[in-house]
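Structural overview
The primary structure of each chain is shown beneath.
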Amino acid sequence: MTHTAERPDAFAHTDDGVAVAYQRRGSGRPLLLLAGQANNHHWWDGIRDDFHGTHSTITLDCRGTGASDKPRSGYSTPRFAEDVVSVLDTLGIERADVYGTSMGGRVAQWLAARHPERVRRLVLGCTSPGGRQAVERDASVRRALAQPDPDAARQALIDLMYSPGWLARHPGPYRTLGDPHMPAHAKRGHLIASNEHDAWEALPSIGAPTLILHGEQDRLTPPENVPLLASRIPDTRTHLFPGARHAYFEECRDQADALVREFLG
């Protein structure tokens, strides 16, 4: 596949005055890619080119990450969804395909529920509806990620993202472990946004056909959330990847991307 060079960051400005950096690559129907909690657009570097046969891809640095502003307030998944609308408006895109993973999937839920006219087809990966209805990670996972030793916490996150077999074949570097340049207040904001996400009542408002993907061994966002999402979103299909953990989109890249391309096609 021919690699298309990434254009320099451009910026959209939100209604509360935040500059949000975005990156557009390729040509074709727009595909918006939304990254996980406390990560910038590099989350998608490993698979982004796989969609350029049919789509132009649009990524962004969610407020608090990358080249975007890092305000003290305004961190919630509904707010992030409105930031995405600002990016689409700036680009003059009326309607896009949307693929959100992890917290990006939570943001995508709000985008598709509150702005159904902007979303042609929706892909939700390794995500949950949030709130009391969701199946949360267990206490041992939370303890592992909260270890005071940063190296131990980082290794715990790597093990939650990827299976041992995949790690043995792929020694890194890994793109899904967080933006290392985020200030502490922005990291806290992203954590609060993810923890407080609750789209349960909004999910039936999603009108776009929806594909839900998940790793079968995901302990960061348990796969029991897949049927919960499917029960609330009117037009869904689902797929679980055996043996995969949270970053199924890298570990099962060929299969996952083929499913997404077929669904979007």
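That block above? That's the structure.
Attention now moves to the overall build of the protein. Broken down by element type, the protein carries 9 helices and 8 strands. Relative to its length of 265 residues, the protein is compact, with a C-alpha radius of gyration of 17 Å against a globular reference of 18 Å. A principal-axis box enclosing the C-alpha atoms of the protein has dimensions of 45 × 40 × 40 Å. Among the 265 residues that make up the protein, the fraction classed as buried is 54%. Contacts in the protein between residues far apart in sequence, at least 24 positions, make up 74% of those at least 6 positions apart.

A word on the nonpolar core. In this structure, Leu-32, Leu-34, Leu-60, Val-84, Val-98, Leu-111 and Leu-122 are the most contacted members of the largest nonpolar core, which totals 42 residues. No other element matches helix 2 (residues 103-114), which puts 7 residues into this core. Aside from chain neighbours lying at most four places away, what touches Leu-122 is Val-98, Ala-108, Ala-112, Ile-206, Ala-208, Pro-209, Thr-210, Leu-211 and Phe-263. Residues Ala-35, Ile-47, Leu-211 and Leu-264 belong to the second largest nonpolar core, which totals 32 residues.

Below, the discussion takes up helix 1 (residues 77-91). The first and last C-alpha atoms of helix 1 sit 21 Å apart over 15 residues, in line with the 21 Å expected at 1.5 Å per residue. Counting buried residues in helix 1 gives 11 out of 15 residues, a clear majority hidden from the surface. Every buried residue of helix 1 is accounted for by Thr-77, Pro-78, Arg-79, Phe-80, Ala-81, Asp-83, Val-84, Val-85, Ser-86, Val-87 and Leu-88. If you check the start of helix 1, you find a side-chain oxygen 3.1 Å away from the backbone N of Arg-79, and it comes from Ser-76. Gly-92, located one to two residues past helix 1, shows a positive phi value of around 70 degrees.

Any two packed helices are characterised by the angle at which their axes cross and by the distance between the axes. Between helix 1 and helix 2, the least distance of the axes is 8 Å, while the angle of their chain directions is 70 degrees. As the angle between them shows, helix 1 and helix 2 are arranged roughly perpendicular. Seen along the crossing, helix 1 lies across helix 2 with a hand that is right-handed. Listed contacts from helix 2 to Thr-77, Pro-78, Phe-80, Ala-81, Glu-82, Val-84 and Val-85 of helix 1 are Met-103, Arg-106, Val-107, Trp-110, Leu-111 and Arg-114.

Basis of the calculations
Residues numbered from 1 in each chain as written. Predicted model: local features only at pLDDT ≥ 70, side-chain atom pairs only at ≥ 80, totals over all residues. Heavy atoms only, no water. Helix = DSSP H or I, 4+ residues; strand = E, 2+ residues; numbered from the N terminus. Rg over C-alpha atoms; globule rule 2.2 N^0.38 Å. Buried < 20%, exposed > 50% of the residue type's maximum accessible area, 1.4 Å probe, protein only. Contact = heavy atoms within 4.5 Å. Core = buried A, V, L, I, M, F, W, Y, C linked by side-chain atoms within 4.5 Å. Expected span 1.5 Å × (residues − 1). Polar contact = N/O pair within 3.5 Å; in protein donor to acceptor, adjacent residues only side chain to side chain. Axes fitted to C-alpha atoms, helices over the stretch in contact; angles between N-to-C directions. Parallel < 35°, antiparallel > 145°, perpendicular 65-115°, else oblique. Left-handed = near helix turned anticlockwise from the far one by under 90°.

Interpretation note: all reported values are geometric properties and have no functional meaning in isolation.
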